[in-house]
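Below are the chains, spelled out letter by letter.
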Amino acid sequence: MILLILISYFLLLVSANENESSNDLQSRVPPPLTLSNFDNTLLKGFHMVEFYSPYCHHCQNLFPTWVEFYESNPESSGYAIHQVDCVVSGDLCDREGIRYFPMIRFYGPNSKLLASMTSSSRTIDTLNEFANEQLLIWNEEGDSKFNEDDFVGLQNSMIDNSELRKVLSGDLEVPKLISFWPTSNDQLNDSNFQNKYNAHAIFKNSENLYNFRNIWNFVIRNLHKFGEEHKLEFHYVNCKSNAALCGSLGFSELLNSNLKNLTPRIVLYLPKSNGNSLFLKPSLIKNRKFNHIVKFITNWTYRNLINSELQDLKINDIKNFIGATTKLKDKNDISDIPNYSKVAFIQVNDPNTQVLEDDIILDHLLQPVADLDSEVYLFKSTDKDGALKLLQDQERNLIDYIKIDEQSLQDKISEKLFISRTRSTFPMFIALKSSSLYTPVYQSFTSKEIRDTKKVLSFIRSNYLPMINHLSDDNKYQVFPKRMSPLNSKTEKILVSITDFQPKQFFEVEFYMSKVYHKFQYLRNMKIFQKIDKQRNEKHEEVNRMKLNDATSDDIIDKLREKITESYISTDNNLFPVYLDLDTLSKVASSLNWNKLDIQKYKVGDSILISRFTGQYWDQDLRGRQLNIENIDETVNLLKDILKNKNSGKSITRQSILLTIFQVWILLLVIAACLHYYKRFQIKRAQQNEKMKGLGILGLSADSKFD
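For clarity, every value in this text was computed on a predicted model and none was experimentally measured. (Residues numbered from 1 in each chain as written. Predicted model: local features only at pLDDT ≥ 70, side-chain atom pairs only at ≥ 80, totals over all residues. Heavy atoms only, no water.)

Caption draft 1: Examining helix α12 (residues 315-322) more closely. Among the residues making up α12, those that are buried are I315, I318, K319 and I322. Viewed along the axis of α12, the buried residues span an arc of 100 degrees, placing them on a single side of the element. In the core, the buried residues of α12 are packed alongside β10 (342-348), β11 (375-381), α14 (384-402) and β12 (428-433). (Buried < 20%, exposed > 50% of the residue type's maximum accessible area, 1.4 Å probe, protein only. Helix = DSSP H or I, 4+ residues; strand = E, 2+ residues; numbered from the N terminus. Arc of directions from axis to C-beta. Contact = heavy atoms within 4.5 Å.)

Right, here's the structure in full:
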């Protein structure tokens, strides 16, 4: 009895200490937000918010880390840190669509949901990385809010000529990220690289170089873990002191004496076994905002370090890394914003038949993949069974997700369609996309086809965009290119959905885009399959006729070798869903010259279907109603109608008066020239007729005689 009393007393003492400890921690963070003050608190600026339940074991474990995260981030960090107790404020958590605890989100002004933290690792480092990454994406004033003293001591040093020659020859053990500057060693060196704006003659007179110095510092800071783990080194080169080397690299513009408007170049140097060097194309960061340049260079370096390793990975590991899936959530189960940005191109091989020559093409793909303006990864895998299972699981769940009518008929066709679009010899390439059930397959039936760099690159460039994209002023020319490449098709479409980033509304937008994309992609593939099946049957019928007519075996073989022209990886009728903030619609429309679009009539939840290259748009369904996220089937029916060439849409761009006058003037000149030459022709013909009067058929007079 005494023992039980002592145990009970001990447990009460432990419980009291835990409560005291919890109360002590709670006193170190602000009170949780409620429905009454949430929107007002999040009216301006950026905010990191944890939604929790005091009864949640994971929330209790996270709490000490959250307190430390709060105390280590002052107001100057660029974002505020809050909590919401979902037991006390269940009404607020229901409004925000909270489905599990703890849920960590990043909000912008006016309570706009910008991102969800989906990583299962919740440490000080991962919390900071998530928040800082979101700041880079969304904060338009990030270039003016930093302390230059924070960058003193960064792992960045000038590299001399002899060391640079070793790097160029591939004689290095650790990858090096090197920036090349239009300066000399006297102008820029380790003693003055981090000098403040007014204390550096070069930076003071060339603001472009000062801005790039700050960009370079942020990139190094973002990648500091690679440096600390000795997986990456950071250096810079002064081209004026290494003129011959910079000239041989194609950086001759950096030798110009006028430093204004010059941008340093960046190269990632790799050990010889990893491919040697990858160049960052200047056009990839041109005309971007400061934060977006930092984010792009950071991600560019990170993904190319991963790509260069070309390790043999399991399909499931790749799937988890990029956020691919074999099953999508229903509308009412969505509570996170997935990261749609990642796309992985995987060379899948059979471990029993692979040869060393199969991997050669991967080295040739590294630089072209590095040149893509998207988060594209390159992997190889001998997990053949894992790849086939992934494709089968995706296809099976896709049918269930899109809920096609006449299911019994579709099941039979779906199996044939799946075999038709995935059948291939090994190795083969697949394009795995974040949060998508559709994985394009590059089909090859000979070793020559799979080793054809040009054809494989065409497959990659046709499929490198994510399934869903955020349309903004920064990436508008990625979504709507100024020029159409030979790989593109005039029939490509962009489905623009308008959102205000309020959680439940945005989840509805997300569901709508995903549902329309998958449903239309399946119907598009069905139409391609029917064309392929028809062409194949026609070819076999022709072969049978040839056999009946005793055609030669060579002619029959030639006929059988004729390729089917239809292809599942064609860009014809490709659909790219994007979401657009209502507040930025006007700016994006103006910059893309959508001057015939009545912007004022659109509201949150509306959609606009826009031709990617031909300047046509559709904003009404077949019944004449505004396209809206509530009407998935009506949007799909419109796309089917366009697929049959029955609906040409409206023009989204009105020509300028000057261009119209110029075109009319050219037309008048052409008409005048035609009239002029026609008149000359008539005169010449009349003269010829006059000259021939009274002459015979040979042009001789009646009394003329032959010699």
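From this point on, the discussion continues.
Caption draft 2: How the structure looks around the sheet that holds strand β19 (residues 650-651). Ordered in space as β14-β16-β15-β17-β18-β19, the six strands form an open sheet in which the pairing is mixed. Both edges of this open sheet fall to β14 (469-470) and β19, since each of them pairs with a single strand only. Strand direction decides the pairing type here: strand β15 (residues 493-499) and strand β17 (residues 607-611), joined by five bridges, are antiparallel. For K493, the partnering residue across the bridge sits in β17 and is S611. (Pairing = 2+ DSSP bridges.)

Caption draft 3: Representation of helix α8 (residues 207-222). With 16 residues, α8 should reach 22 Å at 1.5 Å per residue; the first-to-last C-alpha distance of 23 Å fits that figure. Looking at the buried side of α8, the elements it contacts are β6 (176-181), α7 (201-205), α9 (224-228), β7 (233-238), β8 (265-269) and α11 (290-309). (Expected span 1.5 Å × (residues − 1).)

Caption draft 4: A look at the state of the cysteines. In this structure the tally under the stated criterion is two disulfides. The disulfide partner of C86 is C93, and the gap between their sulfur atoms is 1.9 Å. Here the disulfide of C86 and C93 is left-handed, its torsion about the S-S bond being about -85 degrees. For C93, a relative accessible area of 5% corresponds to the buried category. In this model C239 forms its disulfide with C246; the gap between the sulfur atoms is 2.1 Å. Every disulfide takes its handedness from the sign of the S-S torsion; for C239 and C246 that torsion is -85 degrees, giving left-handed. C239 sits in the buried class, given a relative accessible area of 0%. (Disulfide = S-S within 2.5 Å.)

Caption draft 5: Expanded view of the nonpolar core. Core analysis: the biggest nonpolar cluster contains 79 residues, and L177, W300, F345 and L365 have the highest contact counts within it. With eight residues, α8 is the single largest residue contributor to this core. The contacts of L365, once residues within four sequence positions are left out, are L378, F429, T453, V456, L457 and I460. The next biggest cluster of nonpolar side chains, apart from the first, holds 73 residues, and it includes F69, M513, V516 and I642. (Core = buried A, V, L, I, M, F, W, Y, C linked by side-chain atoms within 4.5 Å.)

Caption draft 6: Examining the sheet that holds β10 more closely. Read across the open sheet, the four strands follow the order β11-β10-β12-β13; overall the sheet is mixed. Looking along the sheet, the strands with just one partner apiece sit at the ends: β11 and β13 (441-442). Inspection of the sheet shows β10 paired to β11 by seven bridges, in the parallel sense. Opposite A344, over in β11, you have Y377 as the bridge partner. On the sheet, α12 packs against β10, β11 and β12 and is oriented at approximately 165 degrees with respect to β10. (Axes fitted to C-alpha atoms, helices over the stretch in contact; angles between N-to-C directions.)

Caption draft 7: Focus on unusual backbone geometry. Cis peptide bonds are those with omega within 30 degrees of zero, and the linkage from F101 to P102 qualifies with -15 degrees. Relative to the assigned elements, P102 resides in the loop between α4 (90-95) and β3 (103-108). Cis geometry marks the peptide bond from F426 to P427; its omega dihedral reads 0 degrees. In the Ramachandran plot, S111 falls in the positive-phi region, its phi being about 60 degrees despite a non-glycine side chain. Inspection of the secondary structure puts S111 in the loop between β3 and β4 (112-116).

Caption draft 8: Looking closely at the pairing of β12. With six of six residues buried, β12 is to be regarded as a mostly interior element. Covered by surrounding structure in β12 are M428, I430 and L432 together with F429, A431 and K433, the residues of both alternating faces. Taken together, the six bridges between β10 and β12 define a ladder with antiparallel strand orientation. Within β12, the residue paired with Q347 across the bridge is F429. Relative to β13, β12 is paired through two bridges, and the arrangement is antiparallel. Bridged to F429 within β13 is Y442.

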